[in-house]
Amino acid sequence: MSLYELLVFIHIFSAILGMGPGFVMILTVKKATNMTELRHAYKIRNRLHIFTMVGGTLLLITGIWMGFIHTYLFTQGWYWLSLALFFGALAIGPFVLAPRSKPVKALLTEYEAEEIPDVYHILSNKLFFFERIENLIFLIIIALMILKPF
């Protein structure tokens, strides 16, 4: 197996490891019916996030490394668009998702009753809207990697 083939393997494996859990993070908390379940679901969600961070980092490293091995990739529009979308998706985390997740985390910590308050649904819907946009970006990147349209 060549170095490039190994990188392709790691790249694909990282996509599964990193993006797969990212696509179900919303679902892990949607079915909670009380605060105990919701807190537990967010603990699971936080553990899944570790996989997305590790997988995403490996995706970026292997993707760029493959570009340096096969420099023609840097002449491909799909490659550059994938990188731009990936960096855009990375920026969504600290600049869009983090500010919207802080009130949810505070609510999970401070709220003492067992019923899920209406404010949670308002806050989580705002957060999940942007998470869905990020998931759509990743689906577009996957399509670009598969189809290599330009």
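Residues numbered from 1 in each chain as written. Predicted model: local features only at pLDDT ≥ 70, side-chain atom pairs only at ≥ 80, totals over all residues. Heavy atoms only, no water.

Visitor: Would you take a moment to explain the overall build of the protein chain for this structure?
Guide: Helix and strand counts for the protein chain come out as four helices and zero strands. A principal-axis box enclosing the C-alpha atoms of the protein chain has dimensions of 60 × 25 × 20 Å. Pairs at least 24 residues apart make up 77% of the contacts formed inside the protein chain by residues separated by at least 6 positions. In the form shown here, the protein chain has an accessible surface area of approximately 9000 Å², with 73% of it arising from carbon and sulfur atoms. Measuring between centres, the 12 positive side-chain charges of the protein chain sit 6 Å from its 9 negative side-chain charges. (Helix = DSSP H or I, 4+ residues; strand = E, 2+ residues; numbered from the N terminus. Contact = heavy atoms within 4.5 Å. Areas by Shrake-Rupley, 256 points an atom, 1.4 Å probe, with all protein chains shown as cover. Lys, Arg positive; Asp, Glu negative; His and termini not counted. Charge placed at Lys NZ, Arg CZ, Asp CG, Glu CD.)

Visitor: Just to check I follow, could you spell out helix α2 (residues 35-69) for this structure?
Guide: Since the α-helix packs 3.6 residues into each turn, any two residues three or four apart lie on the same face. Taking 1.5 Å of rise per residue, the 35 residues of α2 would be expected to cover 51 Å, and the 50 Å separating its terminal C-alpha atoms lies within 8% of that figure. Put simply, Asn34 is the residue that caps the front of α2, since its side-chain oxygen is 3.1 Å from the backbone nitrogen of Thr36. (Expected span 1.5 Å × (residues − 1). Polar contact = N/O pair within 3.5 Å; in protein donor to acceptor, adjacent residues only side chain to side chain.)

Visitor: Looking at this model, I keep getting lost on the packing of α2 against helix α3 (residues 77-110). Mind explaining?
Guide: If you want to describe how two helices pack, look at the angle between their axes and the distance between the axes. Interaxial distance between α2 and α3 falls to 12 Å at its minimum, and their mutual angle equals 160°. Classified by the interaxial angle, the pair formed by α2 and α3 is roughly antiparallel. Crossing hand, α2 versus α3: left-handed. Across the interface between the two elements, Met35, Leu38, Arg39, Tyr42, Gly56, Leu59, Leu60, Gly63, Ile64 and Gly67 from α2 touch Tyr79, Leu83, Phe86, Phe87, Leu90, Val104, Leu107 and Leu108 from α3. Partitioning the contact of α2 with α3 into residue classes produces 14 nonpolar, three polar and one charged. (Axes fitted to C-alpha atoms, helices over the stretch in contact; angles between N-to-C directions. Parallel < 35°, antiparallel > 145°, perpendicular 65-115°, else oblique. Left-handed = near helix turned anticlockwise from the far one by under 90°. Nonpolar A, V, L, I, M, F, W, Y, C, P; charged D, E, K, R; others polar.)

Visitor: Looking at this structure, I do not really get the environment of Ile64. What am I missing?
Guide: By secondary structure assignment, the location of Ile64 is in helix α2. Counting along the chain gives ten residues from Ile64 to Phe74, while the straight-line C-alpha distance between them is 9.3 Å. Contacts of Ile64, omitting those with residues within four sequence positions, involve Phe74, Tyr79 and Leu83.

Visitor: Before we go on, may I ask you to explain the pattern of salt bridges in this structure?
Guide: Two side chains of opposite charge can pair, provided their charged atoms sit close to one another. Counted according to the given criterion, the structure contains one salt bridge. A salt bridge links Glu131 to Arg45, with the shortest nitrogen-to-oxygen separation between them at 2.2 Å. You can see Glu131 sitting in helix α4 (residues 118-147) and its partner Arg45 sitting in helix α2, a full 86 residues away along the chain. Taking the relative accessible area as the measure of exposure, Glu131 reaches 9% and is therefore buried. (Salt bridge = Lys/Arg side-chain N within 4 Å of Asp/Glu carboxyl O. Buried < 20%, exposed > 50% of the residue type's maximum accessible area, 1.4 Å probe, protein only.)

Visitor: Would you mind showing me how to read α3 here?
Guide: Between its terminal C-alpha atoms α3 stretches 48 Å, which fits the 50 Å expected from 34 residues at 1.5 Å a residue. At Leu97, α3 shows its maximal kink, close to 45°; a proline, Pro99, follows between one and four residues later. Within the span of α3, buried status applies to Trp78, Tyr79, Ser82, Leu83, Phe86, Ala89, Ile92, Leu97, Ser101, Val104, Leu107 and Leu108. On its buried side, α3 packs onto α2 and α4. (Bend = angle between axes of the 7 residues up to and from the residue.)

Visitor: Is there a simple way to think about the nonpolar core in this case?
Guide: Core analysis: the biggest nonpolar cluster contains 32 residues, and Val29, Leu38, Tyr42, Tyr120 and Phe128 have the highest contact counts within it. Secondary structure elements with two or more residues in this core: α1 (3-30), α2, α3 and α4. For this core, the leading source of residues is α3, giving ten residues. When sequence neighbours within four positions are dropped, the list of residues in contact with Phe128 reads Ile26, Val29, Lys30, Tyr42, Arg45 and Tyr120. (Core = buried A, V, L, I, M, F, W, Y, C linked by side-chain atoms within 4.5 Å.)

Visitor: Which parts of the structure should I look at to understand the side chain of Thr52?
Guide: Position of Thr52 relative to the elements: it lies in helix α2. Among residues more than four places away in sequence, those in contact with Thr52 are Leu17, Gly18, Pro21, Gly22 and Met25.

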